[in-house]
Each structure stands twice: as C-alpha cells, then as structure tokens.
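# Architecture and fold: a report
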Amino acid sequence: MTRVHIGLNRWNGKLANYAKRYGLLELDGDELPPSNALRKWRRQVSKDFVFAILLPSAVATLAKGGARDDVLRRARAAAFTLDAKVLVLATPPSVRPTRENIERLVDLAAVLREDGRAVAWEPSGIWSPEEVRRVVATTGWLPVVDGAEHEIPEGERVYTRLRAIGKATRLGPQRLQRLAAQLAEREEAYVIADASLGPKLLATLQAAIEHVAAEPLAARVFLPAGAEDEDLEGGLFDDEGEDEGSLDDDEGEDAGSLDDEDEDEDEDSLDDDDDDDDDDEDDAS
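Below or above, wherever it landed, is the structure these notes cover. (Residues numbered from 1 in each chain as written. Predicted model: local features only at pLDDT ≥ 70, side-chain atom pairs only at ≥ 80, totals over all residues. Heavy atoms only, no water.)

## With respect to the packing of aromatic side chains
- One pass over the structure, following the stated rule, counts seven aromatic pairs.
- Judged by centre distance (6.0 Å) and plane angle (35°), the ring pair of Y159 and Y190 falls under tilted. Taken together, the residues Y159 in strand β7 (residues 157-162) and Y190 in strand β8 (residues 188-193) connect sequence positions 31 residues apart.
- Given a relative accessible area of 0%, Y159 falls into the buried group.
- According to the relative accessible area criterion, Y190 is buried, its value standing at 2%.
- Through a chain of ring-to-ring contacts, the aromatic side chains of Y18, Y22, F49 and F51 assemble into a single cluster. (Phe/Tyr/Trp six-rings, centres within 6.5 Å; stacked < 30°, edge-to-face > 60°. Helix = DSSP H or I, 4+ residues; strand = E, 2+ residues; numbered from the N terminus. Buried < 20%, exposed > 50% of the residue type's maximum accessible area, 1.4 Å probe, protein only.)

The following block contains the structure:
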C-alpha cells in the first residue's frame, strides 16, 4: 500500500499544531532560520514527520561560484539537522534544456547524491517530457508534476505539487480520482498542496488510493490532461456530487483555523526562535 505524506509549503501558528494534521512540510531554502531553531522544529514533530527543503534560488538557477556553494552548503546542513527526506530543486524558465545546463544538473546531482536524500526536480519553461526523462534517468531525481492535471512519470516514489488554479481550486472528484489512480501502485508519495486543497486531501486521498488499488486496472478511470470534471461521468466518486460543495465550503474554515490557531500566542514562529537561542545552545552542548 502506498505511503502517502501530505503537506503544505508554508504554515502559520505552532508547528506542533500543524504536524497534528499534516505529515509533510516543504521549507523555502532561502528563508531557513539558524540551526538552533531547526533543532527545535525537529523536536516538535514526530519521528515519522517529513521535512522537504526547497533548494535556494542561487542553486536553482544553476549559478556557479562561491555564493552558490555557500547557500548549497547551508541548505545541506539544514537538511541534516532536520533529517529532511527530500530536497526539491525548482529550476526557473531561464534554465533552458541546453547542453551546458544539463551538464550542470548532472554535476549538481553528483554533489547531492553524497547526502543520500531523495531529490525532486521541478523544471519550468520549455523542457519537453523526453528531455525531462533523459535528465531523470541520469540523475535519479523524482520529476515533479501536478498529478491531478498531468501524468506522473513512472517510479516507486513520487513527488507531486497540486496547485489551486482555476477549476482545480475545488479539486473535483474526477481530478482526485485521477491522482489516486496514479498513486495507487507507488511505494511512497510526497504530496504538496496549496493550502485550500490540503483539508480535502487529508480527508479523502488515502481512502481513494485504497479504493482504486482494489479495482482491476481496466476499470480505473484516468482523466485526460486538460479535461474538465464534467467531461467524464461515473467513476469512483459518483455519490459525492451533492456533498462536494459542502466539503469544499468547509475547507475555508479548516485552512483558516490552521492559520489562525494560537497565532497571537505563538512562541514557535520564525521571529521568536531567536529567543530560545540560549536554551538550544545548552541542548546542543
């Protein structure tokens, strides 16, 4: 059965409260706090909680030189402190599929391979599926796509990012079914969602995967890329049509309560971590 880790790329309030609901958090490598704060974060969550680190922009642009090396070293050190399971490389459109850039990606893969962590690569711009496949085959990275909209490449482990854009904001039943069908045969799945999609995924994704896994392959319904929910009838969630609106309406309250919970009394925010420097220094010693 697929091990599914669902999370967001940001949180408000106490990290411990966030970790009671979600099992994954993606951190921005350009905004990492000092190591004492990272140690505190690691202690606030369970052993099974997964941290992923989005590599800094100087790394994602494939820059060279001491500045790039410094931020990469800090990101790798943070990953060690947090025991992060995944590093995420989101290359911007300026990183085109040229021979030089592909060589730089391969060189970066050799460096990151020393840490033994999974690396998820999210290319933007004009990369073709075939070009992505060639890089992935060489580097061993996990290609990142929106699994509710596009076909997830093969592999036992996957990293998918679900964006709340247009009709996908409601993550209708057919899109959810498409995602579940693609994850059903995987060993492990890391699912990063926009905040508005998170509560529904928590409530339904694992059950949807189990349901799909129990069906014969020929009976599974895959939503073609670009198709709308109403283009297909029938399938895994036939009886959810009337309930979908109420579930989506509840998501706003769920996401808001997560963001608002204990914010006024929050002692674990990024700004307050420095107050605990002395305590954490003692812990480290």
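## Some points on the packing of helix α4 (residues 66-82) against helix α5 (residues 99-112)
- Two elements in contact, α4 and α5, have axes separated by 12 Å at closest approach and are oriented at 40°. Classed by the angle they form, the pair α4 and α5 counts as oblique. Considering how the two elements wind past one another, α4 and α5 form a crossing that is right-handed. Facing R68, L72 and R76 of α4, the residues of α5 in contact are L108, V111 and L112.
- Residue classes in the contact of α4 with α5 are distributed as four nonpolar, no polar and two charged. (Axes fitted to C-alpha atoms, helices over the stretch in contact; angles between N-to-C directions. Parallel < 35°, antiparallel > 145°, perpendicular 65-115°, else oblique. Left-handed = near helix turned anticlockwise from the far one by under 90°. Contact = heavy atoms within 4.5 Å. Nonpolar A, V, L, I, M, F, W, Y, C, P; charged D, E, K, R; others polar.)

## Focus on helix α8 (residues 198-213)
- Helix length check: α8, at 16 residues, gives a terminal C-alpha distance of 22 Å against a target of 22 Å (1.5 Å per residue), a fit within 8%.
- In α8, a bend of some 40° at T204 exceeds every other bend along the element. (Expected span 1.5 Å × (residues − 1). Bend = angle between axes of the 7 residues up to and from the residue.)

## Description of the packing of helix α2 (residues 35-43) against α4
- Packing of α2 against α4 brings their axes to within 9 Å, and their N-to-C directions diverge by 30°. α4 is crossed by α2, and the crossing has right-handed handedness. Contact residues: α2 offers S35, L38, R39, W41 and R42, while α4 offers A78, T81 and L82.
- Class assignment for the residues of the contact of α2 with α4 results in four nonpolar, two polar and two charged.

## Considerations on the pairing of strand β3 (residues 50-54)
- In terms of burial, β3 is largely enclosed, as four of its five residues are buried.
- By the bridge criterion, five bridges tie strand β2 (residues 24-28) to β3 in an arrangement that is parallel. Among the inter-strand pairings, E26 is bridged to a residue of β3, identified as A52.
- Note on the crossover from β2 through α2 to β3: the handedness is right-handed.
- Where β3 meets strand β4 (residues 86-89), three bridges bridge the pair, whose relative direction is parallel. Bridge assignment links L54 to a residue of β4, and that residue is V88. (Pairing = 2+ DSSP bridges. Right-handed = clockwise from strand over helix to strand, strands pointing away.)

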